[in-house]
Amino acid sequence: MSTPHPRLSMNQGTIKHSTLDEALRAVAAGGYESIGLWREPVQEVGLAEAARRLAASGLRFSTLCRGGFFTMDEGPARRAQLDDNRRAIEETATLAAAGAPGSAAVYVLVAGGLPEGSRDVIGARARVQEALAELAPEAEAAGVTMAIEPLHPMFASDRCVVTTLAQALDLAEPFAPEVVGVTVDTFHIWWDPEVLPQIARAGTSGRIATYQVCDWKTPLPANVLNSRHYPGDGVIDFATLTRAVEQAGYTGDVEVEIFNDDVFATPFDEVVARTAETFAAAVAPHLAAATPAPARARV
């Protein structure tokens, strides 16, 4: 097996059923230098212990997934969700400090869908803006970048009312770029006819907090959430998108995040190896820098 590209990061969502220890062990054994973690496995062992184990692994930390989901009307549920996001900001800061040099204090946010019984998508997006304004001072104090992730429009009703990079950037604009940035995920934005100028816009304002890759292939399964594929197995033009992200000034780790039931059922070490192989073929040739360079929000 060839050495994985030094900027490749395994998002733990790709090996969904792994514990924190299993993920750290498989990714490190696979020769990777970086990992993106999910909150649930971190919480299973406790934040302090998770930080200790991450530090012992020698891996960089690329992102923490995920938070947000704050489109509901004001009330106890919204207060509880905002408090949970505050905890996630703390988790992100602690894990980034524990990771190897070059780790990034980036917290990925999914806005949330329409509240039960609502058709007011405009109001839901306005509540996302309000939530960001409430959380921004705490993220700034912690040195954490909240990275708004636009999702494909098929998820607008139940998962994310932010569906384009332009919308994510509009939401981020009132805040400093080191406090609120965006997640560029190929699965969600490849179709957008405005994606290239919006990537350039994100670069000009210094708001690309993380770049995530996986592929799109039809027909989609009944559970469209788990319809992602290894890079190169579908129709996404990784050459054009990756070059655009590079030209926009992004120099950090590139995460592979795949939700796919067949991938979930595959042994972790096989997924780790297959991910590195497909990344090397489909994405790595278009990365300008061979190794991660210091970038905003990296520690």
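Residues numbered from 1 in each chain as written. Predicted model: local features only at pLDDT ≥ 70, side-chain atom pairs only at ≥ 80, totals over all residues. Heavy atoms only, no water.

- The chain has the name Sugar phosphate isomerase/epimerase in an unreviewed UniProt entry, where Agromyces larvae is given as its organism.

## Describing unusual backbone geometry
Phase 1: With an omega dihedral of -15°, the bond running from Cys65 to Arg66 counts as a cis peptide bond.
Phase 2: Residue placement: Arg66 occurs in strand E3 (residues 60–68).
Phase 3: The omega torsion across Thr218 and Pro219 is 5°, close enough to zero to call that bond cis.
Phase 4: Within the chain, Phe69 stands out as a residue other than glycine whose phi angle is a positive 55°.
Phase 5: Within the secondary structure, Phe69 sits in the loop between E3 and helix H4 (76–98).
Phase 6: A residue is classified by how much of its surface remains accessible, and Phe69, at 22% relative accessible area, is partly exposed. (Helix = DSSP H or I, 4+ residues; strand = E, 2+ residues; numbered from the N terminus. Buried < 20%, exposed > 50% of the residue type's maximum accessible area, 1.4 Å probe, protein only.)

## Describing the pattern of salt bridges
Phase 1: Counted under the stated rule, the structure contains 22 salt bridges.
Phase 2: Between Arg39 and Glu91 there is a salt bridge, with its nearest N and O atoms 2.8 Å apart. Of the two residues, Arg39 is situated in helix H2 (residues 39–45) and Glu91 in helix H4; the sequence distance between them amounts to 52 residues. Note on accessibility: Arg39 and Glu91 belong to one class, buried.
Phase 3: Ionic pairing is found between Asp83 and Arg86, a salt bridge with its closest N-O pair at 2.8 Å. Here Asp83 and its partner Arg86 are both found in helix H4, three residues apart, which amounts to about one turn of the helix.
Phase 4: Judged by relative accessible area, Asp83 falls into the partly exposed class, the value being 37%.
Phase 5: What emerges from the salt-bridge pattern is a single network uniting Glu74, Arg78, Arg79, Asp83, Arg86, Glu130, Glu134 and Glu138. (Salt bridge = Lys/Arg side-chain N within 4 Å of Asp/Glu carboxyl O.)

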